[in-house]
Each structure stands twice: as structure tokens, then as C-alpha cells.
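A look at the structure
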Amino acid sequence: MEAYLSEWLSLLVRWFHVIAGVAWIGASFYFVWLDNHLREPPDWKKQKGIKGDLWAIHGGGFYEVAKYKLGPEQMPKELHWFKWEAYATWLSGMLLLFVVYYMGSPGYLIDLSKAQLSSGAAIAIGLGSLLGVMVIYEALIRSPLSANGKAFGLVLFAILVVVSWGLFQVFSGRGAYIHVGAVIGTIMVANVFLGIIPAQRALVNAVANNEEPGERVAKLAALAKLRSTHNNYLTLPVIFIMISNHYPLLYSHPHGWAVLAAIGFITAYARHYFNLRHQDVNKPSILVIAAALTVALIWAIAPSPPASSTADSGQAAVTDSTVNALLESHCIACHAAEPSHPAFQAAPAGIALDDLSLLAQHRDKVRQSAVNSHYMPLGNTTGMTEEERAQLGRWLDASR
Ligand code: HEC
């Protein structure tokens, strides 16, 4: 019953998290698009303090949008804020981190072959990394470095690569990936909470008090814009990480942290193309380079052909009963129609292996996760040996 209810909890939190994330990213992409498309307004608008405007058509109607240089002359009666999308995404994401990684099956986070972490130590490292990187980012954005966009981007990228490498040394690949995602998400929500919203509050206060927004307010607003630009470049990498848990081929790679760094770079670079294009600068070379880098990555991490298929003439065939025993000791507790493992209510990933015909059916995925990589058994809590993996591989090959 407990496993059943915790599956529901995980489902509901995940669902909510995705919905909130869609709302946050949707609003954020829209406003970046808006900002980049603003063009010089007619004189009568300029006199009102409007610095750019645009026209759009959507859902069967025309929209006219205008952006003020700082504030309008008078406070509008109703002013819409965009912040709960961000807060709800982060809060539900943290809850999901607890439900799945901190309180769920330890194998998602802890890999005993990398570090013998207690679950308390793992949680401390995880939460510590979120807080630590956020504090470093906040220090950097308040430093003179923030005046140089490219240098800032490079430093931030280097920090994230180091974090990715470090987490990869102590956590399972999947746990490391999700924590890098959470680190980035935390920087992004801190940008909203600690920078963008306070700047907007200062601006709104000035307008409400009929004051000319002074230099301090203008500076805050410029810094808020920079934070929002950073968030924009971080969005695609973070979305990739959030779906990466379906792809053990990436995070179970021995250099999974470097794979993540490569994908992070490629996706942020691809985003740059769209940001330029919104401003009428068309540089398709960026997309071509991003695609070429992706192909290079696919080539670079391709699995080498398994040793067994090259020189297996001398190897004894693996009997069904050997493989049955192997599944029994390493897989069946979880991968059964009715798992005995307390953390699972149904066969994980829909893969039940109670029967050898089922094993043959899932041949390719099993090879990828338990022979080519060490993703399975989860966290290797059962201590599956290399010899056993090779045996499983040979049986899978023979079953073709
Ligand atoms: C402690 C529980 C547990 C054990 C033991 C375990 N698995 Fe898994 N397995 C899981 C979970 C949980 C998932 C889903 C992971 C995910 O969502 O990425 C999974 C996913 C898989 C997948 C699908 C991977 C994919 O690409 O979607 C395969 C194949 C698999 N396991 C095979 C095995 C084999 C073979 C063994 C034994 C050698 C094994 N597992 C042992 C929990 C376990």
C-alpha cells in the first residue's frame, strides 16, 4: 500500500511540476520574444515614454503591445506579475527531488561503486550543491564580471561543468544529472526571487509614488534584464536534464558529466540563434554548428561492439538455468509483475523479467542497461559482477 501511494504522490507532484514548468517557460519565452521584437514606436508613443512596440495576431485577434522605457506616468489599475509560475516550478521540483531521490529507492541517487554514501550524506551533498552554487552565482552577478556578458557566460559554464563532474564522482549518473538540473533551476528561481522581482518592486513603487525612477531603479532594472537573459540561455539545458532520466545511455556513460557539458553547451548555443533571429540577425551557421556538434557527440559516445560477439567461439554457452539464477538474484525483486522490493508497486519501466521469453523480448534495453552500462541493477545494490554481466550478454546474443 505504501509503495502504491508513493507512486501516486510521485505522479501528482511530477504532473504539477511539468504544468508549472510549462507555464513558467512559456511566459519567459514569450517575454524574451517580445523584448527582442520591439521596434521603434511612432512619435506620439515616444512622448508617453514608450521605448518600443509591436503588433501581433493570435487566437483570432490583433494585439498591440508597448514597452515603457521605465514606467508609465500613472500606475495602471491592474498590473499583472509573473512570479508564481517560477516559484511553483521550483517548489514542486524540490518536492519531487525529495519524493523520488531522497525518500524513494536509494538506487536512483546512490551508486555504491562510486561512494558509500549514507542517505543523510547524499541529501546533504545534494542540497549543499544547490545552495552553494546559488550563493556563488549571486556573488558573481553583483560583481563587475556581470558587465561582461561573454566572460560571465564562460565562468558560469565552467562552474556548472565542475559541479557536474563533482556530482558524477559521488552520485549515480542519473542522480548527478538531476542535481545539475536542480542547481540550474535554483539559480534561475533565485534570479526571479532575488533580482527580477525586487527590481520590479522598486520600479512599481517609484511609479506609484509619482516619482521619476532614479538611477538606482534603472540600474536594478538593467540587472534584472541580464538575469532574465541568463535564465533564457539556461532554459534549454535544464529542460534537457529534466527529460534525461529516460536515457541511461547518456547518464550511465563513464564520462556522463562531459556528455552533459557538451549537451548543455550545444543547447544554449542553439538558443542563441533564436535570440539573434528575433532581433533580425539571421545566423543559420549557429544551427549548423550545433547540429554538427550533436552528430560528433553521437559518434563519440557510441558503445564499442561487445567483446563477446567478436571472439566468443571459445566461450561456453550460458544455460537458461544460469541466467534464471542471475535474474533471480539481481533483477526479479524489482522487475516482476508483482515486485517484492518495497519501493516498487509495479515492474519498473514496465519491464517484468519473470520469464526468459520476456528477457529476450527486452533484449536491447537489457543489454544497454545491464551489460553495456552499469545502470542496472539500480545502484548495483545486489553487487552484480562483471562476469555475470558478460554471461547475461552472451545469453542475450544467443537468444537472437
Ligand atoms: C532496485 C530495483 C531494481 C533492480 C534490482 C533492477 N532494476 Fe531495472 N529498473 C529499475 C527502475 C526503477 C527502472 C526505471 C528507471 C528509469 O526510470 O530510468 C529500471 C529500468 C530498467 C530497464 C529500462 C531501462 C530503459 O532504458 O528504459 C531495464 C532494461 C532494466 N531496468 C533491466 C534490469 C535488469 C536486467 C536488472 C537485473 C540485472 C535490473 N533491471 C535490476 C529498478 C531495478
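Residues numbered from 1 in each chain as written. Predicted model: local features only at pLDDT ≥ 70, side-chain atom pairs only at ≥ 80, totals over all residues. Heavy atoms only, no water.

Things to note about the pattern of salt bridges
Under the convention used in this document: By salt bridge we mean one thing: a side-chain nitrogen of Lys or Arg within 4 Å of a carboxyl oxygen of Asp or Glu. Numbering of helices and strands starts at the N terminus; helices are DSSP runs of H or I of at least 4 residues and strands are runs of E of at least 2. The rule is simple: take the accessible area with a 1.4 Å probe, protein chains only, and divide by the maximum for that residue type; under 20% is buried, over 50% is exposed, in between is partly exposed.
Inspection of the entire model under this criterion finds 11 salt bridges. One salt bridge connects Arg 400 with Asp 364, and the closest N-O pair in it is separated by 3.4 Å. Of the two residues, Arg 400 is situated in the segment after α15 (386–398) and Asp 364 in helix α14 (residues 363–372); the sequence distance between them amounts to 36 residues. Looking at Arg 400, the relative accessible area reads 59%, which means it is exposed. A cluster of three or more residues bridged by salt bridges with shared partners is formed by Asp 35, Lys 67 and Lys 225.

Quick notes on the nonpolar core
Just so we agree on the cut-off: Definition used in this section: a nonpolar core is a set of buried Ala, Val, Leu, Ile, Met, Phe, Trp, Tyr and Cys residues joined via side-chain atoms within 4.5 Å. All the domain ranges listed were derived from an automatic or database domain assignment. Here, two residues are considered to be in contact whenever any of their heavy atoms come within 4.5 Å of each other.
Ranked by internal contacts, the top residues of the largest apolar core, which has 79 residues, are Tyr 177, Leu 359 and Leu 392. When residues of this core are assigned to their parent elements, the largest contribution, 14 residues, is made by helix α6 (residues 173–208). Counting contributing residues, this core receives three or more from each of domain 1 (83–300) and domain 2 (307–398). The contact partners of Leu 359, leaving out residues within four places of it in the chain, are Val 323, Leu 327, Leu 353, Val 366, Leu 392, Trp 395 and Leu 396.

Details of the environment of Pro 213
With respect to the element layout, Pro 213 can be found in the loop between α6 and α7 (215–243). Owing to a relative accessible area of 14%, Pro 213 belongs among the buried residues under this scheme. When the C-alpha atoms of Pro 213 and Ala 202 are compared, they prove to be 8.5 Å apart, with 11 residues separating the residues in sequence.

Some details on the site of the ligand
For clarity, the cut-off: The criterion for a residue being near a molecule or strand is simple. One of its heavy atoms has to lie within 4 Å of it. The definition of a polar contact used here is a pair of N or O atoms within 3.5 Å, where within protein one atom must be able to donate a hydrogen and the other to accept one, and adjacent residues in sequence count solely through side-chain atom pairs. Residues are grouped as follows: nonpolar covers Ala, Val, Leu, Ile, Met, Phe, Trp, Tyr, Cys and Pro; charged covers Asp, Glu, Lys and Arg; every other residue, Gly included, is treated as polar.
Around the ligand, 24 residues are found, and the nearest of them are Cys 331, Cys 334, His 335, Tyr 375 and Met 376. One of the side-chain nitrogen or oxygen atoms of Arg 174 is found 3.0 Å away from an oxygen atom of the ligand. Tyr 375 places a polar side-chain atom, nitrogen or oxygen, 2.6 Å from an oxygen atom of the ligand. At the level of elements, α8 (248–251) and α14 are the ones that each hand at least two residues to the shell around the ligand. Per-element tally for the shell around the ligand: the top contributor is α14, with four residues. A per-class count over the shell around the ligand returns 17 nonpolar, five polar and two charged.

Regarding the coordination of the iron atom of the ligand
Filter applied, for reference: Distances up to 2.8 Å from the metal define which N, O and S atoms are donors, and 3.2 Å serves for Na, K and Ca; water is absent from the atom set, so sites may look incomplete. Sites are called tetrahedral only when four donors show all angles between 85 and 135 degrees, square planar or octahedral only when four or six donors show opposite pairs over 155 degrees and all other angles between 65 and 115, and irregular in any remaining case.
Protein-derived ligands of the iron atom of the ligand are His 335 (NE2) and Met 376 (SD), with the metal-ligand distances lying across 1.9 to 2.2 Å. Taken together, the six donor atoms surrounding the iron atom of the ligand define angles of 87 to 177° at the centre, an arrangement classified as octahedral. Of the two residues, His 335 sits in the loop between α12 (320–330) and α13 (356–361) while Met 376 sits in the loop between α14 and α15, which places them 41 residues apart along the sequence. Taking relative accessible area as the criterion, His 335 reaches 13% and is therefore assigned buried.

Describing the packing of helix α1 (residues 2–37) against helix α9 (residues 256–278)
Helix-helix packing: each pair is described by the crossing angle between the helix axes and the interaxial distance. The following threshold applies: Angles shown run from 0 to 180 degrees and are taken between the N-to-C directions of axes, each axis being a line fitted to C-alpha atoms and, for helices, limited to the stretch in contact. We call two directions roughly parallel when the angle between them is under 35 degrees, roughly antiparallel when it is over 145, roughly perpendicular when it lies between 65 and 115, and oblique otherwise.
Packing of α1 against α9 leaves a shortest axis separation of 8 Å and a crossing angle of 40°. Judged by the inter-axis angle, α1 sits oblique to α9. Every residue of α9 that contacts α1 at Phe 29, Val 32, Trp 33, Asn 36 and His 37 is listed here: Arg 271, Asn 275 and His 278. Of the residues contributing to the contact of α1 with α9, the split by class is three nonpolar, four polar and one charged.

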